[in-house]
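So you can see what is in the structure, the chains are spelled out below.
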Amino acid sequence: MDYAVMVDVAETAAVWSKLLNVYHKTIEEMKKRFGEEENGTGTGYIGCHISHTYHTGACLYFTYATKQNPNKEIQHI
C-alpha cells in the first residue's frame with residue numbers, strides 16, 4: 001500500500017474438463033475489472049500457475065496486482 005499498489009492471490013480447483021474454461025473466464029473477468037478503474041483506463045497484472053494436480057483435476061493459483069485507488073483501500077479487500 002505504500003506504493004499505491006494492491007496485490008493478492010486466489011486459488012481455485014476444477015476438474016480437467018473445466019480447467020481451461022475456469023482459467024480463461026478468470027483472466028477475462030479480472031481484465032474487465034481492471035478496466036473499470038480510473039474511468040476505464042485502469043490496468044493490472046494477472047498471472048496463473050497450476051499449484052497442484054490430481055487424477056481428477058488441478059488447482060489454479062492466480063496472482064494479481066493493480067493500482068490502488070486512494071481512499072478505496074477497504075473496498076479493494
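Right above here is the structure, for reference.
Throughout this description, residue numbers start from 1 for each chain and increase along the sequence as written. Restriction of local features to residues with pLDDT of at least 70 applies here, the model being predicted, together with a cutoff of 80 or more for giving and counting side-chain atom pairs; totals for whole chains, interfaces and linings are based on all residues. Excluding hydrogens and water, the side-chain figures rest on all heavy atoms present in the structure.

1. A short note on the pairing of strand 3 (residues 57-67)
Each residue's exposure class comes from its accessible area (1.4 Å probe, protein chains only) as a fraction of the maximum for that residue type: buried when under 20%, exposed when over 50%, partly exposed otherwise. The numbering of helices and of strands both runs from the N terminus, where a helix is a DSSP run of H or I of at least 4 residues and a strand a run of E of at least 2. With eight of eleven residues buried, strand 3 lies mostly within the body of the structure. Strands are treated as partners if at least two bridges between them are detected by DSSP. Relative to strand 3, strand 1 (residues 5-15) runs antiparallel, the two being bridged by eleven bridges. Residue pairing across strands places M6 opposite T66, the latter belonging to strand 3. Two strands pair when backbone bridges link them, and strand 2 (residues 44-53) and strand 3 are joined in this way by nine bridges, in the antiparallel orientation. By the bridge assignment, G47 is partnered in strand 3 with T63.

2. Digging into a nonpolar patch on the surface
Nonpolar side chains (Val, Leu, Ile, Met, Phe, Trp, Tyr) are joined into patches within 5 Å and like charges within 9 Å, using only residues with over 30% relative accessible area and no salt bridge. Where accessible areas are quoted, they stem from the Shrake-Rupley method and a 1.4 Å probe; at the residue level, only the protein chains shown are allowed to cover. Each reported salt bridge corresponds to a side-chain nitrogen of Lys or Arg within 4 Å of a carboxyl oxygen of Asp or Glu. Taken together, the side chains of Y3, V5 and V7 define a hydrophobic patch exposed on the protein surface, amounting to about 360 Å² of accessible area. Mapped onto the elements, V5 comes out in strand 1. Its relative accessible area of 36% is what places V5 among the partly exposed residues.

3. Comments concerning the nonpolar core
To define a nonpolar core, start from buried Ala, Val, Leu, Ile, Met, Phe, Trp, Tyr and Cys residues and group those joined through side-chain atoms within 4.5 Å. By size, the foremost hydrophobic cluster in this structure holds eleven residues: M6, A14, L19, I27, M30, F34, I46, A58, L60, F62 and Y64. At the level of elements, strand 1, helix 1 (16-36) and strand 3 are the ones that each hand at least two residues to this core. Only heavy atoms matter for contacts: two residues are in contact if any of them lie within 4.5 Å across the pair. Excluding anything up to four places from it in sequence, I27 contacts I46 and F62.

4. Considerations on the sheet that holds strand 1
Spatially, the three strands line up as an open sheet ordered 1-3-2, and their pairing is antiparallel. The outermost strands of the open sheet, each flanked by one partner alone, are strand 1 and strand 2. Here the strands of the sheet are splayed against their neighbours by 20° on average, with no regard to which way each runs. Along the sheet face, helix 1 touches strand 1, strand 2 and strand 3 and points at about 10° away from the line of strand 3. A fitted line through C-alpha atoms serves as each axis, taken over the contacting stretch for helices, and the angle formed by two N-to-C directions is quoted from 0 to 180°.

5. Observations regarding helix 1
Between its terminal C-alpha atoms helix 1 stretches 31 Å, which fits the 30 Å expected from 21 residues at 1.5 Å a residue. When helix 1 is considered as a whole, its buried residues turn out to be L19, I27, M30 and F34. Viewed along the axis of helix 1, the buried residues span an arc of 70°, placing them on a single side of the element. Away from the buried face of helix 1 by more than 90 degrees, exposed residues S17, K18 and E28 are located. Tucked into the core, helix 1 has its buried residues touching strand 1, strand 2 and strand 3. In this analysis, the expected span of each helix is defined as 1.5 Å times one less than the number of residues it contains. Think of the arc as the fan of directions from the helix axis to the C-beta atoms.

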